[in-house]
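# An overview of the molecular structure
Each chain, written out:
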Amino acid sequence: MNSRGRLFVISGPSGVGKGTVLAHFLKERPGVRLSVSATTRSPRPGEREGESYFFLSREAFEEKIASGGMLEYAQYNNQYYGTPRAAVESWLQAGEDVLLEIEVQGAMKVRAALPEAVLVFIMPPDFHTLRLRLSGRGTEDEGTIKKRLFAAAAEFQRAGEYDFIIVNDRVEEASRALGEVLESARYLVKTNQTFISEVMHDAQTESLAD
Ligand code: ADP
Ligand code: 5GP
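Before going into details, it helps to say that this report is about the structure given with it. It should be emphasised that the depicted structure is a prediction, and the values quoted were computed from it without experimental measurement.

With that settled, consider the site of ligand 1. In the vicinity of ligand 1 lie 14 residues, with G15, K18, T20, R137 and D169 positioned nearest. Between G17 and ligand 1, the recorded distance is 3.0 Å, taken from a backbone N or O atom to an oxygen atom. In this structure, D169 approaches ligand 1 through a main-chain N or O atom, which is 2.8 Å from a nitrogen atom. In isolation ligand 1 exposes 570 Å². Once the protein is present, 71% of that is buried. Among the secondary structure elements, those contributing two or more residues to the shell around ligand 1 are helix 1 (18-28) and helix 5 (127-137). Taken together, the residues of the shell around ligand 1 break down into three nonpolar, six polar and five charged.

This is the structure we're talking about:
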């Protein structure tokens, strides 16, 4: 069987509760890895270097792109966001499941580079709830909130390209659903391509040898 870990991409509009659901989920599943992204945006109160993000200058970020150190990157709200490649590759190699919490452009780049990646989109129960959560978080000014809600409309248009949808109504339910997605992913054809190829190869070589 394929002993490589599986890669999961989690997207959803800002404020939908991705961070909250993932924090809940990872407490219950400490064996699952969450990639720490790099960004050029400034830290929000309470965010810690190397835990929430690696906070980089534009120059440092662009150097990392140029040296091939990003698995994917995108610009969002005029800031760079990207997934450092090395940690993700070594976890997958070690057979560990890895979650990337990234926006839609990055998700599609990951799918193009690694077609076996499983894409999960987190939806709010409705748009009004998204607005309330975004303003309730109290970390962005009105202008930024407006921009993020505008961006959300475009993000919902891409939700249909994902493999799974999870509605974050109650955190515990959404976290449980994510666990079911990780479980179901074991049975997806695209996460079993290496296994299928191996058996097919043996079938061809051994049936010829008979
Ligand atoms: P994201 O990571 O998607 O930007 P956050 O995890 O920061 O979103 O959540 C945005 C706000 O919504 C936070 O104040 C969080 O406490 C709240 N929140 C998240 N999930 C729920 C939920 N299921 N019910 C109520 N509030 C929630
Ligand atoms: P925030 O500024 O709210 O932390 O994140 C803004 C958006 O950037 C979110 O949709 C988040 O999922 C996305 N994001 C965070 N890290 C990455 C990353 O490494 N790559 C990409 N493409 N998007 C990211």
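Here the narrative resumes.
Another point: a negative patch on the surface. Taken together, the side chains of E198, D202, E206 and D210 define an acidic patch exposed on the protein surface. Structurally, the position occupied by E206 is in helix 8 (residues 193-209).

One pass over the full model with this rule turns up seven aromatic pairs. One aromatic cluster in this structure is built from Y53, F55, Y76 and Y81. The ring of Y73 has K109 lying over it, and the distance from NZ or CZ to the ring centre is 4.5 Å.

On to the environment of H24. By the element assignment, H24 lies in helix 1. For H24, a relative accessible area of 23% translates into the label partly exposed.

So, about the sheet that holds strand 2 (residues 33-34). As summarised here, the arrangement of the five strands in space is 2-7-1-8-9, forming an open sheet in which the pairing is parallel. Unpaired on one side and paired on the other, strand 2 and strand 9 (164-167) mark the two borders of the sheet. Two strands pair when backbone bridges link them, and strand 2 and strand 7 (residues 98-101) are joined in this way by two bridges, in the parallel orientation. Looking at the pairing, L34 lines up with L99 of strand 7. Each of strand 1 (7-11), strand 2 and strand 7 touches helix 1; the most contacted strand, strand 7, lies at about 165° to it. Most of the contacts of helix 4 (residues 104-113) go to strand 1, to which it runs at about 160°, and overall it touches strand 1, strand 7 and strand 8 (118-123).

Parameters and conventions
Residues numbered from 1 in each chain as written. Chains lettered and ligands numbered in written order. Predicted model: local features only at pLDDT ≥ 70, side-chain atom pairs only at ≥ 80, totals over all residues. Heavy atoms only, no water. Near = heavy atom within 4 Å. Polar contact = N/O pair within 3.5 Å; in protein donor to acceptor, adjacent residues only side chain to side chain. Areas by Shrake-Rupley, 256 points an atom, 1.4 Å probe, with all protein chains shown as cover. Helix = DSSP H or I, 4+ residues; strand = E, 2+ residues; numbered from the N terminus. Nonpolar A, V, L, I, M, F, W, Y, C, P; charged D, E, K, R; others polar. Patch = residues over 30% accessible without salt bridge, like charges linked within 9 Å, V, L, I, M, F, W, Y side chains within 5 Å. Salt bridge = Lys/Arg side-chain N within 4 Å of Asp/Glu carboxyl O. Lys, Arg positive; Asp, Glu negative; His and termini not counted. Charge placed at Lys NZ, Arg CZ, Asp CG, Glu CD. Phe/Tyr/Trp six-rings, centres within 6.5 Å; stacked < 30°, edge-to-face > 60°. Lys NZ or Arg CZ within 6 Å of the ring centre and 35° of its normal. Buried < 20%, exposed > 50% of the residue type's maximum accessible area, 1.4 Å probe, protein only. Pairing = 2+ DSSP bridges. Contact = heavy atoms within 4.5 Å. Axes fitted to C-alpha atoms, helices over the stretch in contact; angles between N-to-C directions.

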